[in-house]
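Inside the fold
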Amino acid sequence: MPHVRLFARNLQRWMQVLATMTCLCAGVGAARADHPREVRMGVYQNEPKIFLNDQQQPSGIFGELALQMAEHHNWTLVPVPCEWNACLESLQNGSIDLMPDVAFTPERAQLFDFHTTPALLSWSQIYARPEVPIRSALDLKDHRIAVLKGSVQQEYLRNLMAGFGVQAELVPVETLQEAFELASRGGADAAVSNRFFGDLQAPRFKLASTPVLFQPSQLFFATGKGKNADLIAAIESNLQAWQAQPDSHYFEVLRRWMEAPPQTLVPTFVWWALGGLAGVLALALAAWGLLRREVADKTRSLRASEDRLNTILDSVDAFIYIKDTELRYQYANRKVCELFGARPEQVLGQTDERYFDAPTVAKLRVNDLRVVKQGERVEDVETNRSPDGREEHTYLSIKLPLHRPDGSIYALCGISTDITKQKQAEHAIHQLAFYDPLTQLPNRRLLMERLQQALAALQRSRAYGALLFIDVDNFKDLNDTLGHSFGDMLLRQIADRLSACTRAQDTLARQGGDEFVAVVQGLGPTMNEAVVHAQHLADKILRKLSEPYLLDGHYYLTSASIGVAMFGGPDSDQNEVLKQADLAMYQAKADGRNTVRFFNPQMQAEVSARTALETDLHRALETGQFLLYYQPQVDEHGHTFGAEALVRWQHPTRGLVPPGEFIPVAESSGLILPLGTWILETACAQLVEWAGHPRTQERSIAVNLSARQFRQADFVAQVQSVLQATGANPQRLELELTESQLIDDLGRVIQKMDALKALGVRISLDDFGTGYSSLNVLKRLPLDQLKIDQSFVHDLLLDHSSASIVRAIITLGDSLHLQVIAEGVETIEQRDALLALGCTHFQGYLFGRPSPAP
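Residues numbered from 1 in each chain as written. Predicted model: local features only at pLDDT ≥ 70, side-chain atom pairs only at ≥ 80, totals over all residues. Heavy atoms only, no water.

This paragraph deals with the overall build of the protein. A tally of regular secondary structure across the protein gives 30 helices and 33 strands. Within the protein, the proportion of its 854 residues that are buried is 49%. When contacts within the protein are restricted to residue pairs at least 6 apart in sequence, long-range pairs at least 24 apart make up 67% of them. Carbon and sulfur atoms make up 52% of the accessible area of the protein, which totals about 41500 Å². (Helix = DSSP H or I, 4+ residues; strand = E, 2+ residues; numbered from the N terminus. Buried < 20%, exposed > 50% of the residue type's maximum accessible area, 1.4 Å probe, protein only. Contact = heavy atoms within 4.5 Å. Areas by Shrake-Rupley, 256 points an atom, 1.4 Å probe, with all protein chains shown as cover.)

Next up on the list: the side chain of Asn 46. Assignment of secondary structure puts Asn 46 in the loop between β1 (37–43) and β2 (51–52). Classification of Asn 46 by relative accessible area gives buried; the value is 1%. At 2.9 Å, the side chain of Asn 46 forms a polar contact with the side chain of Asp 101. Contacts of Asn 46, omitting those with residues within four sequence positions, involve Phe 51, Asp 101, Leu 176, Asn 194 and Phe 197. (Polar contact = N/O pair within 3.5 Å; in protein donor to acceptor, adjacent residues only side chain to side chain.)

Before going further, it helps to spend a moment on the sheet that holds strand β18 (residues 507–512). Read across the open sheet, the 5 strands follow the order β18-β19-β17-β22-β23; overall the sheet is mixed. Edge positions in the open sheet fall to β18 and β23 (596–598), since each of these has one partner strand only. The sheet shows a mean angle of 25° between the axes of neighbouring strands, taken without regard to direction. As defined by bridge partners, strand β22 (residues 560–567) adjoins β23 across 3 bridges and the pair is classed as parallel. Looking across to β23, one finds that Val 564 is bridged to Phe 598. Together, β17 (464–472), β19 (515–524), β22 and β23 form the strand contacts of helix α19 (residues 527–545), whose direction differs from that of β22 by roughly 160°. (Pairing = 2+ DSSP bridges. Axes fitted to C-alpha atoms, helices over the stretch in contact; angles between N-to-C directions.)

Moving on, we come to the pattern of salt bridges. Applying the stated criterion across every chain, the model contains 40 salt bridges. Linking Arg 385 and Asp 357 is a salt bridge whose minimum nitrogen-to-oxygen distance equals 3.0 Å. Here the residue Arg 385 occupies a position in strand β14 (residues 378–385), and Asp 357 occupies one in the loop between α13 (344–347) and α14 (358–374), the gap between them amounting to 28 residues. Its relative accessible area of 11% is what places Asp 357 among the buried residues. Glu 376 is paired through a salt bridge with Arg 370; the nearest N and O atoms lie 3.0 Å apart. For Glu 376, a relative accessible area of 26% corresponds to the partly exposed category. (Salt bridge = Lys/Arg side-chain N within 4 Å of Asp/Glu carboxyl O.)

Turning our eyes to something else, we now look at the pairing of strand β8 (residues 144–148). Burial within β8 is extensive, with 4 of its 5 residues counted as buried. Pairing of β8 with strand β9 (residues 169–173) involves 5 bridges; the strand directions are parallel. When the bridges of β9 are listed, Ile 145 appears paired with Leu 170. In terms of strand pairing, β8 meets strand β10 (residues 190–194) through 2 bridges, oriented parallel. By the bridge assignment, Ile 145 is partnered in β10 with Ala 190.

Here the focus is a negative patch on the surface. A cluster of acidic side chains, namely Glu 83, Glu 174, Glu 178 and Glu 181, defines a negative patch on the protein surface. Along the polypeptide, Glu 83 turns up in the loop between β4 (75–81) and α3 (84–93). (Patch = residues over 30% accessible without salt bridge, like charges linked within 9 Å, V, L, I, M, F, W, Y side chains within 5 Å. Lys, Arg positive; Asp, Glu negative; His and termini not counted. Charge placed at Lys NZ, Arg CZ, Asp CG, Glu CD.)

In this structure the tally under the stated criterion is 23 aromatic pairs. With a centroid separation of 5.9 Å and 25° between ring planes, the pair formed by Phe 842 and Phe 847 is classed as stacked. The exposure class assigned to Phe 842 is buried, which follows from its relative accessible area of 0%. Aromatic rings pair up to connect Tyr 321, Tyr 329, Phe 340, Tyr 355 and Phe 356 into one cluster. Above the plane of the ring of Tyr 549 lies Arg 497, whose end atom (NZ or CZ) is 3.6 Å from the centre. The ring of Trp 690 has Arg 699 lying over it, and the distance from NZ or CZ to the ring centre is 5.8 Å. (Phe/Tyr/Trp six-rings, centres within 6.5 Å; stacked < 30°, edge-to-face > 60°. Lys NZ or Arg CZ within 6 Å of the ring centre and 35° of its normal.)

As structure tokens, then:
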């Protein structure tokens with residue numbers, strides 16, 4: 001009972017103390033809310049990471065991040081200049097509150113507090129005068145190396161050289177600048193620094209980077225142990241938020257101080273450095289393996305050497321492993337075991353199948369077999385995923401073969417460095433440099449590169465492309481009335497609609513503001529064809545952009561003006577093409593907006609004429625301006641047994657428009673479908689009328705089909721519907737196909753032809769001899785008639801080859817039991833020659849020109 005009472009009294013005291021502390025903390029929080037907090041931050045000279053500028057303010061990567069956080073949290077940041085060791089001592093005794101650029105180590109974690117998210121990733125490297133040959137850690141023997149006093153590099157190098165038995169003198173200095181000055185004037189052979197300071201300052205001191213690279217590290221802000229928890233929490237919150245946003249202040253600072261994103265994942269010297277380190281480690285690991293096999297015969301000193309080597313390998317911030325020729329793990333250092341979540345003895349004998357998913361295992365196996373089977377040294381960037389696919393990390397891996405004394409390979413040694421963070425940072429910087437953060441489309445910089453590539457590609461292929469300059473109409477009115485947030489929503493939706501209108505191989509970019517640019521390649525081998533496709537794309541974009549937008553519950557309507565510049569000739573220039581499209585866009589604005597204008601005046605006139613013709617075609621279908629003319633088909637006795645239906649357009653102002661002028665426009669615009677339906681209906685109605693007269697009741701009518709019309713999925717049903725609606729005899733209806741329509745999907749073509757034959761309709765192959773039909777294809781087609789193309793008939797009496805072709809077609813038709821008719825017969829001599837060759841059916845001006853039905 002006395003013990004219980006004592007415990008109760010102590011508990012009561014602690015409750016009182018806790019309440020008092022809570023009140024004090026609340027009072028301090030209130031005070032800090034009213035007055036800016038003073039934060040004393042240590043600053044030492046380590047450009048570009050941290051230094052004092054000419055105004056004695058913190059600068060560099062850490063300096064700018066600290067200033068941004070101070071502004072955000074209402075801190076008064078007071079820089080305290082100090083040397084490295086003095087900075088750490090001041091942080092420990094509380095003279096300063098915050099210290100940037102501190103590498104995390106377990107020892108420092110006992111003295112200081114760190115946030116969780118690294119502020120920066122770095123590594124250490126040795127820099128030497130050009131005449132000092134240092135290619136690996138073994139070359140440090142008998143050299144003097146200047147290293148920052150009290151730094152993690154000093155301790156690491158001391159342990160590394162002790163493990164390999166390398167005798168070298170480490171010269172401690174107070175600042176990195178002092179280290180580089182000492183190496184430059186010969187007081188030391190080399191100097192050690194982080195890669196940021198080294199790459200920036202080495203040229204100034206005439207030092208060169210060596211392949212000796214070690215100790216990848218994570219850099220943090222640090223505070224005294226248990227002294228400034230609020231600072232650590234605020235810094236962690238900012239870093240997490242910034243690193244999650246590619247366009248944040250954090251990545252802007254990295255891009256400014258690290259310049260343009262690297263073209264390779266890591267600098268070239270890093271490969272050499274890691275290669276050198278991997279080679280040294282591989283040799284050491286090979287020695288370690290031999291020690292393991294012969295441990296019973298080794299002395300106590302060798303056992304101690306093995307223990308030291310294990311300590312060194314486990315302290316390296318890299319994944320080091322050995323696999324035998326069956327790709328089973330024979331050694332794994334601490335980092336590998338932590339990755340696998342297993343003890344070393346549990347990893348031994350296992351393969352990658354236990355720790356990674358199938359695609360990762362397959363790629364790792366390919367690289368590993370190159371090492372153990374072919375003896376190659378493999379350097380690769382490997383992306384590995386866990387068995388469940390939830391975790392993914394990217395590694396820079398170097399793998400080397402381990403040889404027996406006789407030269408045979410008994411294992412591979414690998415060293416992998418986790419570069420996931422670097423890759424993410426590189427991607428974020430690349431996005432900032434080349435993409436618009438609002439729409440995620442390429443920006444002007446990437447647009448110019450893609451346009452230059454497109455110009456070069458089209459000049460080689462001799463094809464044509466187009467640049468579409470798209471400007472949103474009256475965009476400023478939206479910003480002024482509803483605000484910029486609505487403007488941003490509209491731009492994002494416009495970007496989505498434009499992306500839906502363009503192809504994957506095209507480039508769609510945001511030029512800036514409310515301007516977008518589309519670079520479209522491969523529009524055709526001729527300028528005229530390319531112009532048609534560009535016009536259709538521009539019209540499609542106009543229609544899509546004019547549909548209503550839903551902006552935060554508000555419906556909004558807008559339009560766009562589009563300027564088009566064609567390119568593809570030898571003199572195409574990217575700046576000139578952009579300028580032309582821009583001028584054309586302004587012309588579209590001047591012509592009333594929501595329209596398209598081409599730069600070339602002559603081209604614009606052609607496009608306008610084509611557009612006007614297309615508009616007139618629509619009106620012609622609506623108002624019944626089309627006529628069907630019929631050209632008679634006769635037998636050897638001159639008796640008319642049928643006719644071919646030929647469409648004519650009676651334009652109200654232009655008169656009779658030739659088919660060659662309006663049929664291509666109808667094809668490209670899709671109007672050929674309703675026009676083809678009208679032709680079919682009119683021809684069937686004519687058959688019904690002829691059937692009521694004894695003189696014409698046996699006549700048939702041949703109707704030409706367009707490829708687009710025949711490809712319709714419901715075409716057979718359409719024909720059946722027309723026959724039923726008109727009451728026409730299907731055996732008097734003949735549908736003409738061309739050879740080009742048989743190229744695509746022959747099986748489906750035959751299936752559709754069989755369905756038409758089942759209705760009783762006859763099928764003719766038009767312009768035979770000019771296409772690609774083979775005899776194997778021809779015998780599979782359910783045809784009734786072959787039509788000899790008029791080009792062969794025209795040259796029949798002039799060209800022996802044409803006569804031979806005509807004879808072959810007639811013979812082929814007879815052997816396949818097909819009727820053969822020659823079209824384009826204009827003279828008696830042609831008819832007589834055809835009769836002599838065995839052709840008994842004719843069509844041409846000799847027997848009658850196309851005319852309205854009698």
